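# Topology and contacts: notes
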Amino acid sequence: MLRGDDMKNRLKVLRAERDWSQAELAGRLDVSRQAVNAIETGKYDPSLPLAFRIGRLFDLPIEEVFDDSENHG
């Protein structure tokens, strides 16, 4: 079970599907590897511009990468 405080995301899964390291994904997004790790572990929610860059990189709407509907249903 994911333990993200605010927002769950599929970033780690999407990265793994492409066989990218955190460092490789960080380079593609122009952020630090530590930022990628923090987003993947739910310790940091990306800015809106970064969320859109992530969505574009994976060719997905940001709603399919990030889910903030903890209280859904």
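In the block above lies the structure referred to throughout.
Every value quoted in this text rests on a predicted model; they were computed, and no experiment measured them. (Residues numbered from 1 in each chain as written. Predicted model: local features only at pLDDT ≥ 70, side-chain atom pairs only at ≥ 80, totals over all residues. Heavy atoms only, no water.)

## Overview of the pattern of salt bridges
- Taken as a whole, this structure holds three salt bridges when the rule is applied.
- Across the pair E40 and R15 runs a salt bridge whose closest N-O atoms are separated by 2.6 Å. With E40 in helix 3 (residues 33-40) and R15 in helix 1 (residues 11-17), the pair connects residues that are 25 residues apart, well separated along the chain.
- Note that E17 is salt-bridged to R18, the shortest N-O span being 3.6 Å.
- On the basis of relative accessible area, E17 is assigned to the exposed category, the value being 56%.
- Residue class for R18 comes out partly exposed when judged on its relative accessible area of 32%. (Salt bridge = Lys/Arg side-chain N within 4 Å of Asp/Glu carboxyl O. Helix = DSSP H or I, 4+ residues; strand = E, 2+ residues; numbered from the N terminus. Buried < 20%, exposed > 50% of the residue type's maximum accessible area, 1.4 Å probe, protein only.)

## Observations regarding helix 3
- The set of residues buried in helix 3 consists of A35, V36, A38, I39 and E40.
- The inward-facing, buried residues of helix 3 contact strand 1 (8-9), helix 1, helix 2 (22-29), helix 4 (48-58) and strand 2 (66-67).
- Just downstream of helix 3, G42 is the residue with a positive phi angle, here 80°. (Contact = heavy atoms within 4.5 Å.)

These results come straight from atomic positions and should not be treated as a statement about function.
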